[in-house]
Amino acid sequence: MTRLVRYAEPLPASGGIDARSARRTLGTYSMDFWELFLRETLQNSWDAATGDRPVHFCIDGWRLTAAQLQNLRLLLPGADLDAPELRVLTVTDSGTRGLGGPTRADRVGEDDPRDFVDLVRNVGRHPDKGFAGGTYGYGKAVLFEASSIGTVVMFTRVRTTTGVQCRLIGMALTDPYRAERRQYTGRHWWGVPDNAVGVEPVTGPTAERMARALGLTRLPEDSTGTSIMVIAPRTEQERLSEVIAVMADTATRYAWANVVAQGDHGPGLRLQFTSDGTRIDLPDPGTDARLRYFVEAHRYCRAVFQGAAEDHPWPWTVHEIVGSRPEQRLGVLAWRTYRAGASGNHARPPAEIALLRRPGLVVEYRTVAADPFGHAITGVFIADPELDEDFARAEPPTHDKWQPRLAQRQRYARNPVSQALQRIDRIFKERRAGNATAPTTEAVTGVSRLANVLGALLDTQAGGTDSRIPVGPANPVPHPPSNPSGTPAPPAGTPTPGTGGNGQQQGPPDQGRRPRSARGLTLNFHPRARPAVLADGSRAVEFDIDLTGNPGAPLTLTAQPLVAVADGAPEPADETTPVDVLHWRDRDSGILRPGPRLTLTAETSEHWTVTLTQPADAAVTVRVSQEEVGPR
């Protein structure tokens, strides 16, 4: 077997990044390491798909035979391979383009791929890669973190202008060190000696023979692709099979959208996991109790993008999530509820939305507000392909979450990622709070009528009506509970005249209560803001509102905070720039009414001030809307 040489990279005189820093480029992550390993390697393989055949992704773990171990020692002289029984973990993809392009980082072709140098030579992501999910950027650090000795062997088969070429090279990352009064980065390569770059990969039939001598036989001879061997994976030898089982389960939960057939096309991804030659069985996502509703939701979302939306029977709901400034589709959300027992026993029914974008791999399962009736919620949100770069930009190097701040291009500019997440959350929060609107059907009317009757029977709780129920002899409006005197009791938490929100006297009860003689009500809003400082030292802003005329029936005013965005047009405050309405203040009496809502009657004062919190980095204003208070 051909014996290779090791090249240790000296620190250039101009400085550079060392291996320790390269291994830390992943940053922090919130999942099990081996789950992260699976996600990163699978993402890279999927990004390298040729498109003319399914991607075949395999992970194998085994103990090297004596012959394989001897060949590995010849291949990697100086590596820490003294263990008599050495295990390895290999990641192989076929139906992919392999690690193509130049083998030197300083060589640039106009249309050449840069997969080889991005994985083997460079640290970080090349700008030409854009924002694809993997692309051998920072995430490649998982390969070296997975090895207890930081060492891997890479074998690839690529198609070049002169035909198919095989390449094999070894690489290790260690701590930086000094030797013979020279500083070294801790990056090492094994290959064929080269004066310019230290070593180049072994190529041609020699690389093929060496790979097979190590046990790298998963890559079919008629296919391009890549096989990476992680030496001495960082787990106890007897537990490697458990690690592979964890990764098999992660792949099923993470890649199901590409594993199932897409319309008339077969699956785009095939998975295989083995431990010491024993294959691990993977479930069919379309029938698996955990995944089948996600698969169905994904189909409904894709139908919307394809312009041929399928009928989605109850209890499915499909939304096109639309943003503002500019008004555009952010993505499509499909979801449903079901009895939790249908997918196993849970202490608390799950409420999860799988977030995906163009690569088709789940970014994360986002928890949303729980179902008010105790059912489970399952759904899928697919980001609009036109906004793929924005959503990709929001992902950290681990690609396991959408972080809107990473996608913020301009201060105060509307952020499509933030808008999408907020709108998704709002759908389920409003549903949880009972504000969601459902189709008017006989079944929904019956459920709402029952909820109304039960609501009227609750102690200290005023009965209410539901806009979905027609009022008539069959659906009488429940009467609210009464005080001992027989007068209707105000709903819990509603300030009464002359009191603040807690019922304590705030000012003279009769001051400012002048009846109005004119019919109708006019709101005079004074847009000039007044800064204020609260008792706790925090900043606030005040706006004056004067009323003229008689409201006739009782009215409720609702203050909605607005913030200025990049184009100067005010938009509702959201999680990125939170603003709270603290209270309404009667300027005649000093009475405070906490919260954004103010109920008006003929006796209500004409002069009010609404107070809002003032963020440190945003301009704030307010929109006031009025709504007639119906019978209770």
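Residues numbered from 1 in each chain as written. Predicted model: local features only at pLDDT ≥ 70, side-chain atom pairs only at ≥ 80, totals over all residues. Heavy atoms only, no water.

Draft legend 1. Spotlight on the side chain of Q272. With respect to the secondary-structure elements, Q272 resides in strand β11 (residues 269-275). For Q272, the contacting residues outside a window of four places in its chain are H56, F57, C58, I59, R218 and R279. (Helix = DSSP H or I, 4+ residues; strand = E, 2+ residues; numbered from the N terminus. Contact = heavy atoms within 4.5 Å.)

Draft legend 2. Structural detail: the environment of R121. Within the secondary structure, R121 is located in the loop between α4 (115-120) and α5 (141-145). Residue classification places R121 among the buried positions, given a relative accessible area of 8%. Put simply, R121 and V197 are 76 residues apart on the chain and 9.7 Å apart in space, counted from C-alpha to C-alpha. Discounting chain neighbours no more than four positions away, the residues touching R121 are T103, A105, F116, R187, W189, V197, V199, E200 and P201. (Buried < 20%, exposed > 50% of the residue type's maximum accessible area, 1.4 Å probe, protein only.)

Draft legend 3. Seen up close, helix α2 (residues 33-47). Over its 15 residues, α2 extends 21 Å from the first C-alpha to the last, a length consistent with the 21 Å expected when each residue adds 1.5 Å. With 14 of its 15 residues buried, α2 lies for the most part within the structure. The opening residue of α2, the one whose side-chain oxygen lies 2.9 Å from the backbone nitrogen of W34, is D32. (Expected span 1.5 Å × (residues − 1). Polar contact = N/O pair within 3.5 Å; in protein donor to acceptor, adjacent residues only side chain to side chain.)

Draft legend 4. Representation of helix α3 (residues 66-75). The complete set of buried residues in α3 reads Q68, L69, N71, L72 and L75. Taken end-on, α3 shows its buried residues confined to a sector of 160°, consistent with a single buried face. Those residues of α3 hidden inside the fold are in contact with β2 (55-63), β4 (151-160), β5 (163-173), β7 (182-194), α6 (204-214) and β10 (225-231). (Arc of directions from axis to C-beta.)

Draft legend 5. Broad picture of the packing of aromatic side chains. Under the criterion given, the structure shown has 15 aromatic pairs. Relative to F428, the ring of W335 has its centre 4.9 Å away and its plane inclined at 65°; by these criteria the two rings are edge-to-face. Taken together, the residues span a long stretch of sequence, with W335 in strand β14 (residues 328-338) and F428 in helix α10 (residues 416-433) at a distance of 93 residues. Residue classification places W335 among the buried residues on the basis of a relative accessible area of 7%. Taking relative accessible area as the criterion, F428 reaches 1% and is therefore assigned buried. Members of the aromatic cluster, connected to one another through ring pairs, are F33, W34 and F37. We note R121 situated over the ring of W189; from NZ or CZ to the ring centre the distance is 5.9 Å. In this structure, R336 packs its charged tip against the face of Y293, placed 4.3 Å from the ring centre. (Phe/Tyr/Trp six-rings, centres within 6.5 Å; stacked < 30°, edge-to-face > 60°. Lys NZ or Arg CZ within 6 Å of the ring centre and 35° of its normal.)

Draft legend 6. Up close: the packing of α2 against helix α7 (residues 240-259). Put simply, α2 and α7 touch, their axes get as near as 9 Å, and they point 45° apart. The angle between the axes of α2 and α7 places the two elements in the oblique class. Relative to α7, α2 is oriented so that their crossing is right-handed. Where α2 abuts α7, its residues W34, E35, F37, L38, R39, L42, Q43 and W46 lie against V243, V246, M247, T250, A251, R253, Y254, A255 and N258. When grouped by side-chain class, the residues that make up the contact of α2 with α7 number 11 nonpolar, 3 polar and 3 charged. (Axes fitted to C-alpha atoms, helices over the stretch in contact; angles between N-to-C directions. Parallel < 35°, antiparallel > 145°, perpendicular 65-115°, else oblique. Left-handed = near helix turned anticlockwise from the far one by under 90°. Nonpolar A, V, L, I, M, F, W, Y, C, P; charged D, E, K, R; others polar.)

Draft legend 7. Summary view of the pairing of strand β15 (residues 351-356). For β15, the buried fraction is high: 5 of the 6 residues fall into the buried class. Inspection of the sheet shows β15 paired to strand β17 (residues 376-383) by 6 bridges, in the parallel sense. Looking at β17, one finds that I353 is bridged to G379. Sheet topology places β15 next to strand β16 (residues 362-367); 5 bridges connect them, and they run antiparallel. (Pairing = 2+ DSSP bridges.)

Draft legend 8. How the structure looks around the side chain of R357. Residue position: R357 is located in the loop between β15 and β16. Overall, the relative accessible area of 4% leaves R357 in the buried class.

Draft legend 9. Looking closely at the nonpolar core. One finds F37, M247 and F273 to be the most contacted residues of the largest nonpolar core, which totals 66 residues. No other element matches α7, which puts 10 residues into this core. Residues within four places of F273 in sequence aside, it is in contact with L38, F57, I59, I244, M247, A248, A251, T278, R279, I280 and L282. Counting residues in each nonpolar core, the second largest holds 28 residues, with V88, F155, L219 and A232 among its members. (Core = buried A, V, L, I, M, F, W, Y, C linked by side-chain atoms within 4.5 Å.)

Draft legend 10. Just the environment of P404, in detail. With respect to the helices and strands, P404 occurs in the loop between α9 (388-393) and α10. Expressed as a C-alpha distance, the spacing of P404 and Q419, which sit 15 residues apart in the sequence, is 8.9 Å. Discounting residues that sit within four places of it in the chain, P404 has contacts with N415, V417, S418 and L421.

Draft legend 11. The arrangement of the environment of I244 in detail. With respect to the helices and strands, the residue I244 is situated in helix α7. Along the backbone, I244 and F273 are 29 residues apart, and their C-alpha atoms lie at a distance of 7.0 Å. Those residues within four positions of I244 in sequence are excluded, and the remaining contacts are D60, G61, L89, F273, T274, S275 and I280.

Draft legend 12. Here's a closer look at the packing of α3 against α6. Contact geometry for α3 and α6: axes closest at 8 Å, N-to-C directions at 135°. It follows that α3 is oblique to α6 by the angle criterion. Mapping the contact onto sequence places Q68, N71, L72 and L75 in α3 and M210, A213 and L214 in α6.

Draft legend 13. Structural context of the pattern of salt bridges. Tallied over the entire structure, the rule returns 30 salt bridges. Of the charged contacts in the structure, one is a salt bridge between E35 and R253, with a shortest N-O distance of 3.9 Å. In this pair, E35 is assigned in helix α2 and R253 in helix α7, connecting sequence segments 218 residues apart. Residue R253 is classed as partly exposed on the basis of its relative accessible area of 24%. Of the charged contacts in the structure, one is a salt bridge between R329 and D384, with a shortest N-O distance of 2.7 Å. Taken together, the residues R329 in strand β14 and D384 in the loop between β17 and α9 connect sequence positions 55 residues apart. For R329, a relative accessible area of 28% gives the class partly exposed. (Salt bridge = Lys/Arg side-chain N within 4 Å of Asp/Glu carboxyl O.)

Nothing here speaks to function; it is all geometry.
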